[in-house]
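Summary of the model geometry
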Amino acid sequence: MTVRVRFAPSPTGYPHIGNLRTVVFNWLFARHHNGKFILRIEDTDRSRYVKDALRVISDSLTWLGLDWDEGPGIGGAYGPYIQSERLDLYRQKAEELIAKGWAYRCNCTPERLEKVRAEQRAQGKSQIMYDRHCRNKPPDAISPDEPHVIRLKVPLEGKTVVHDLLRGDIEFDNALLDDQILLKSDGYPTYHLAVVVDDHMMGITHVMRGDDWISSTPKRVLLYQAFGWEPPIYAHVPLVLGPDGKKLSKRHGAVSIDEFRRQGYLPEALFNFLALLGWSPGDGDREIYSREELIAKFDIRRINLAAAVFSYDKLQWMNGAYIRALSEQELLKRLIPFWQNAGLIPTPVPTEMISTLETLVPLVQERLKTLRDVVELTDFVFQDIETPTAESLIPKKTSARQALRILQRVHALLAGMVHFNEETLETELRQLAADMGVKAGAVFNIIRVATTNKRVAPPLFGSLVALGRTTTLQRLARAEEVLSAYLAQESAPDEEA
RNA sequence: GCCCCCAUCGUCUAGUCUGGUCUAGGACACAGGCCUUUCAAGCCUGGUACAUGGGUUCGAAUCCCGUUGGGGGCACCA
């Protein structure tokens, strides 16, 4: 039997990192078994429809490398894969259930239903559910032509068992199940009907979903019984939680895939991280696995049953590890859009700028947690800096006068240097420090602040090369002025006295 | 409130099915140190966990029951 699994998002918003983790599991499961991964769009809620959601969903999946074998855009033998294009099928199936005595028409108004619920709540009832007002009306009491819904006729007694691949059998009391609406008054199916019909018609073999769906699964099982179909194998996977221990949602900050992309996470890092959130190959003490390894090792039975908190810290670390593993050429390619989006370099990149960028890449590679970090780390190269303050230019245990002397000597040295490259800079500047009897680190610190106005910056010599001699000398001169002015002000009172 | 799921370091997890090799292993984060031009990266060291009570057993993180705790679900939403 060929494994067929699906991801069935509804286009009511943008793909969410918690859901995506479940998609990763489905995709890995399909690829591990050489099965099919199907994308189906569940757009049966017209009121919550978001126009470009479908595009964002496909883009996100594609970005993460989660390719699908059947679905919108590429078709397949079981299409269409968009539920709004299958409405006749659902209506037909709903009528079929009425004919079989498994469903009934109901014309209760939303107002009446709300009133019933309110009363039940007021009475402190433990079960808030439809009072089955229309269930026993004669078959012709409600005309197919008047506004109404179709409800599932849930057995009043007995139990329904959900077989879960990971948790075993889960029993539900039928008396506690609501007469679920299958077809809405606008003619659209609800999730419960559509998912069962489509999963069956599309030959879905395994349904892997978040465990927040467990409690509605018995209704689906009942539907399979009503239709006389064999249900798929269910595997409910744990939810992804935010740092506060609640189901991950927009409230927790960055959760849409697009945000992760814009923040500079690598898709391969996010994929690796997601795969290991709630699942582990259980071999060795590794964290970094290639896509191929994950496919080869994926075992659905090793999915952890407890919910997992999404750790941004660990993702950052993993992203940094992936960045460090990139070739310089590849990293450069991925960094360019981030420089461009920050407005630091033009699009397209002028050819004469390439060598500057190439100088920068090895300087920042092991310092980046995300690609976007490169902006703050290297902006001083592309745009003018704020003039550093005198205080920031004077290292601890150094006088202003001495700092100025150092700057002047450095300035003269760099101006006259034959080869303005990293090696020469380091050699000559160390020599200068030795000649002046000061610590090399102190000299470097002054230059760093003077040229970058940062206390923390990429390695100095490479940074200066990237900056270029002209700009470097200009910024040194500016810093000298700052210190001169500072000294003049400081010494003025002394000289009076 | 009712129903359901879950329970190993702060977090992600290995170990649980097939009890002994677990004085519980790894990773992230954290602390200290080394390296060092800042910051990183790298290396070394450290602390912190089997929720709890009862069984079963020669022996339980591992099996059973209760309790507690956490989460989820109870729509003409998916």
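In case you missed it, the structure is sitting above this.
Here we summarise the structure given alongside this text. (Residues numbered from 1 in each chain as written. Chains lettered and ligands numbered in written order. Predicted model: local features only at pLDDT ≥ 70, side-chain atom pairs only at ≥ 80, totals over all residues. Heavy atoms only, no water.)

Let's talk about the packing of aromatic side chains
Counted according to the given criterion, the structure contains 12 aromatic pairs. Aromatic side chains Phe227 and Trp229 sit 4.2 Å apart centroid to centroid with 15° between the ring planes, which places their arrangement in the stacked category. The pair Phe227 / Trp229 is uniform in exposure class, with both members buried. Arranged with centres 5.0 Å apart and planes meeting at 45°, the rings of Trp279 and Phe298 form a pair that is tilted. Here the residue Trp279 occupies a position in the loop between α8 (267–275) and α9 (291–297), and Phe298 occupies one in the loop between α9 and β11 (308–309), the gap between them amounting to 19 residues. As far as the burial class goes, Trp279 and Phe298 line up, both buried. Each residue in the set Phe260, Tyr265, Phe273, Phe310 and Tyr312 is aromatic and connected to the rest through ring pairs, giving one cluster. One Lys or Arg, Arg151, reaches over the ring of Tyr130 and ends 3.6 Å from the middle of that ring. Positioned above the aromatic ring of Phe271 is the side chain of Arg291, whose terminal nitrogen or guanidinium carbon lies 4.0 Å from the ring centre. (Phe/Tyr/Trp six-rings, centres within 6.5 Å; stacked < 30°, edge-to-face > 60°. Buried < 20%, exposed > 50% of the residue type's maximum accessible area, 1.4 Å probe, protein only. Helix = DSSP H or I, 4+ residues; strand = E, 2+ residues; numbered from the N terminus. Lys NZ or Arg CZ within 6 Å of the ring centre and 35° of its normal.)

Here we look at the pattern of salt bridges
Scanning all chains against the criterion turns up 36 salt bridges. Taking the shortest distance from any N to any O, the salt bridge between Arg4 and Glu70 comes out at 2.9 Å. One end of the pair, Arg4, is in strand β1 (residues 4–7); the other, Glu70, is in the loop between α2 (53–64) and α3 (87–99), with 66 residues separating them in the sequence. Accessibility classification places Arg4 together with Glu70 in one group, the buried group. With a shortest N-O distance of 2.6 Å, Arg478 and Asp384 are connected by a salt bridge. One end of the pair, Arg478, is in helix α19 (residues 469–496); the other, Asp384, is in the loop between α13 (373–382) and α14 (390–393), and 94 residues separate them in sequence. Since its relative accessible area comes to 57%, Asp384 is described here as exposed. Among the charged side chains, a network of salt bridges with common partners joins Arg6, Arg40, Glu42, Arg86, Asp198 and Asp199. (Salt bridge = Lys/Arg side-chain N within 4 Å of Asp/Glu carboxyl O.)

By themselves these figures say nothing about function.
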